[in-house]
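Remarks on the overall topology
This is what each chain is made of:
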Amino acid sequence: MTAYDDTSRIGKEAMDGALKSVSAMTRGFQMLASETGDYTKRSYEQSTELMEKMTQVRTLDKVFELQADYAKAAYEGWVSQATNCLLYTSDAADDSLRV
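Let me begin by describing the structure that accompanies this report. For every chain, the first residue of the written sequence is number 1, and numbering continues from 1 along that sequence. Totals for whole chains, interfaces and linings use all residues, but because this is a predicted model, local features are given only for residues with pLDDT of at least 70 and pairs of side-chain atoms are given and counted only at 80 or more. Calculated side-chain values reflect all of the structure's heavy atoms, with hydrogen atoms and water omitted.

1. Re the overall build of the chain
Secondary structure elements are taken from DSSP: a helix is a run of H or I of four residues or more, a strand is a run of E of two residues or more, and numbering for both begins at the N terminus. Within the chain, the regular secondary structure consists of two helices and zero strands. Here the C-alpha radius of gyration of the chain, 24 Å, is well above what a compact globule of 99 residues would show, namely 13 Å. Expressed as lengths along the three principal axes of its C-alpha atoms, the size of the chain is roughly 85 × 15 × 10 Å. Relative accessibility thresholds used throughout: buried, under 20% of the residue-type maximum; exposed, over 50%; partly exposed, between the two (1.4 Å probe, protein chains only). Per-residue burial for the chain yields a buried fraction of 11% across its 99 residues. For the accessible areas, the method is Shrake-Rupley and the probe is 1.4 Å, while residue cover comes only from the protein chains on display. Accessible area for the chain stands at about 7,800 Å²; split by element, carbon and sulfur atoms hold 60% of it. The charged-residue count follows a simple rule in which Lys and Arg add positive charge and Asp and Glu add negative charge, with His and chain termini not counted at all. Working definition for charges: the position is that of NZ of Lys, CZ of Arg, CG of Asp or CD of Glu. In the chain, which carries 11 positive and 16 negative side-chain charges, the distance between the mean positions of the two groups comes to 3 Å. Just to be clear, the radius of gyration here is over C-alpha atoms, and the globule rule we use is 2.2 Å times residues to the power 0.38.

See below:
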């Protein structure tokens, strides 16, 4: 092989590796965007459900109870979502480095 062929092969291998790495990161970002969209939809639905329930209650105690239950569920959902986002980001970074 000539020096030109060797250089060309090395350049092609480097480009292939870079493209595979970018592809892995893109898949990770797509998963992250999809999960974030799903979380946003769930959060909106839970907020709407809370407002519907609050308009139907007759006592202030029940309103506070509903609000406390919602706050607890919203916090737990947010922590779960943040954990999932961290895992997706970590997995995407790992996948891009393995290539």
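Next, the rest of the story.
2. Observations concerning the pattern of salt bridges
Here, a salt bridge means any Lys or Arg side-chain nitrogen found within 4 Å of an Asp or Glu carboxyl oxygen. Under the counting rule described, the total for this entry stands at four salt bridges. Between Arg42 and Glu35 there is a salt bridge; the shortest N-O distance is 3.7 Å. Residue Arg42 is classed as partly exposed on the basis of its relative accessible area of 39%. Taking relative accessible area as the criterion, Glu35 reaches 14% and is therefore assigned buried. Close ionic contact of Lys53 with Glu49 constitutes a salt bridge, the shortest N to O distance being 3.2 Å.

3. Quick notes on helix α2 (residues 60-98)
What sets the pattern is the α-helix's 3.6 residues per turn: residues three or four places apart point alike. Here α2 contains 39 residues, and its C-alpha end-to-end distance of 57 Å stays within 8% of the 57 Å for a straight helix at 1.5 Å per residue. Of all the positions in α2, only Val63, Leu66, Gln81, Cys85, Ala92 and Ser96 are classed as buried. The contact criterion used is simple: two residues touch if any of their non-hydrogen atoms lie within 4.5 Å. Elements in contact with the buried residues of α2: α1 (3-56). Given the number of residues in a helix, its expected span is that number minus one, multiplied by 1.5 Å.

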